[in-house]
Amino acid sequence: MTDKRLALGLLWAFLTILSWSGYNVAAVAGIAEGFTPLDLSLLRFGVSGALLLPLGLWLYRHPLRRIGAKKLAVLSIVGGPLFGVVATWGYRYAPLSHGLVFAPAAVLAAGQIWGRLMGKPGFTARQYAGAGLLLVGLVVLSGFDLQQLGPRVLAGDVIFVVAGLMWGSFTFLIGHWRLPPGPVTCGVAGFSLLQVLLACLFLRPALPPAPISQIALQAILQGVVGGGLAVLTFALAIRSLGGPRASALPSLTPVMGFVLTYLLFGNAPDAAELAGSLLASTGLLVILTAPTALRLADA
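Residues numbered from 1 in each chain as written. Predicted model: local features only at pLDDT ≥ 70, side-chain atom pairs only at ≥ 80, totals over all residues. Heavy atoms only, no water.

(A) Main features of the overall build of the protein chain. Within the protein chain, the secondary structure is distributed over 13 helices and 0 strands. Shown N-terminal to C-terminal, the secondary structure of the protein chain runs as helices and strands in the order α-α-α-α-α-α-α-α-α-α-α-α-α. Across its three principal axes, the protein chain shows a C-alpha extent of roughly 50 × 50 × 35 Å. Within the protein chain, buried positions represent 50% of all 299 residues. Pairs at least 24 apart in sequence give 91% of the contacts found in the protein chain among residues at least 6 apart. A total accessible area of about 13,900 Å² is found for the protein chain, and carbon and sulfur atoms account for 73% of it. (Helix = DSSP H or I, 4+ residues; strand = E, 2+ residues; numbered from the N terminus. Buried < 20%, exposed > 50% of the residue type's maximum accessible area, 1.4 Å probe, protein only. Contact = heavy atoms within 4.5 Å. Areas by Shrake-Rupley, 256 points an atom, 1.4 Å probe, with all protein chains shown as cover.)

(B) View of the nonpolar core. Counting residues in hydrophobic clusters, the biggest one holds 50 residues, and the most contacted among them are L75, F170, F234, L249 and L284. It is helix α8 (residues 151–176) that provides the largest number of residues to this core, a total of 8 residues. Counting residues in each nonpolar core, the second largest holds 7 residues, with A27, L43, A210 and I215 among its members. (Core = buried A, V, L, I, M, F, W, Y, C linked by side-chain atoms within 4.5 Å.)

(C) Representation of helix α1 (residues 3–32) within the structure. Along its 30 residues, α1 runs 44 Å from first to last C-alpha, staying within 8% of the 44 Å computed at 1.5 Å per residue. In the stretch just after α1, G34 is the one whose phi turns positive, near 115 degrees. (Expected span 1.5 Å × (residues − 1).)

(D) Just unusual backbone geometry, in detail. Here R178, not a glycine, exhibits a phi torsion of approximately 55 degrees, which is positive. Note on placement: R178 falls in the loop between α8 and α9 (181–203). Its identity as a non-glycine residue notwithstanding, R204 has a phi of 50 degrees, on the positive side. Its place among the elements puts R204 in the loop between α9 and α10 (212–241). Residue R204 is classed as exposed on the basis of its relative accessible area, which comes to 66%.

(E) Local environment of the side chain of S192. Considering the arrangement of structural elements, one finds S192 in helix α9. Look at S192 and you get buried, because its relative accessible area is 1%. Residues contacting S192, with those up to four places away along its chain left out, are F45, S76, G80 and P81.

(F) Representation of α9 in the model. When the terminal C-alpha atoms of α9 are compared, their 32 Å separation across 23 residues agrees well with the 33 Å that a helix rising 1.5 Å per residue should span. Once α9 finishes, R204 follows within two positions and takes phi at roughly 50 degrees, a positive value.

(G) Expanded view of a nonpolar patch on the surface. The grouping of L194, L198, L201, F202 and L203 at the surface amounts to a nonpolar patch, some 540 Å² of accessible area in total. Looking at the element boundaries, L203 is found in helix α9. Owing to a relative accessible area of 55%, L203 belongs among the exposed residues under this scheme. (Patch = residues over 30% accessible without salt bridge, like charges linked within 9 Å, V, L, I, M, F, W, Y side chains within 5 Å. Salt bridge = Lys/Arg side-chain N within 4 Å of Asp/Glu carboxyl O.)

(H) Up close: the environment of V85. Checked against the element boundaries, V85 lands in helix α5 (residues 81–89). A relative accessible area of 33% means that V85 is categorised as partly exposed. Sequence-wise, V85 and L40 are 45 residues apart; in three dimensions their C-alpha atoms are separated by 9.0 Å. When neighbours within four sequence positions are excluded, V85 is seen to be in contact with L38 and S41.

None of this, on its own, says anything about what the molecule does.
And the structure:
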C-alpha cells in the first residue's frame, strides 16, 4: 500500500468514525427525549433512502445494474434497518460496557473469518497485537465487569455478537465484491428504504413525543450523517484500507464519542476512560499502519 493510499484511507477512516460517533451521541440524546431505537433506525434508513435512491437512479443507473439487486439486498440486510435494531436490542439485556466490547470484537472476528474462508491472508502478527491492544483498551474504557454476567446479560452479549458479525460481513462483502462507494451507498439506501416502508406498513410506528425541531434534527443526524455520509466514507475507507483493516474502525467509535461528549457537553472522561481510549487508539493505529500482505484486490 502506497503512502498516498494509506493517508487517504486514514482520512476516510477519521471521517467515518467522526460520523458514527456523531449520530450515536445524537441517538443517546434522542432516547432521553423519548425516541425509541426503532424510531431512530427508521429515521436513519428512511431519510437516507428517500434522499439517496433518486440520486442513485440519476447518477449511477448503469453501475447499480452491474452490481445487481442480489448483492445490494444482502448488504441492506446485514447493514441496514435490521442491523440497526439488532445493534440496540442487546441493551435491553446487557449494559453499555458489554456492547462496547463484544460488538467491535465480533466485527474484527467476522473480517478474519470471512477472509480465511475465502482463502485470503489475514492479519499479520503485528496487526493481531494491535487488535489485542485495541480490545484491552475497550475493556478498560467500558469498565467491563465479569461479575455482571448472568443468563439475561449473556443473552444481550449474544445479540451484540450477532450485530458485530452482521456489520463485519457488511464490511467484508463491500471489499470482497470491490463495489464502488457512490453506487453502493445509494443502492443499499434504496433497499433499506424498502425495508423501512415494510416496517411502517406492518408495525405502524407513531412519531415520538418530541418537538418537530427535535425530529428534524434527528432526521438530519441519523439519516444524512448516519445513513448517508457515514456509509459513503466507510466504503471509501474500505477501498483504500481493505476490508480486514476497515473492520477495526467501529472499535474507535466509543473513543470519539467520549471526545464529542466532552466538547459538546463538557463531560470530562475519568482516568480509566482516558487510559482505555489511549490503548484503543494505539491499537487501531497499529492495525491500520502495519505492513500487510493484503493487496487491494484482496480487500
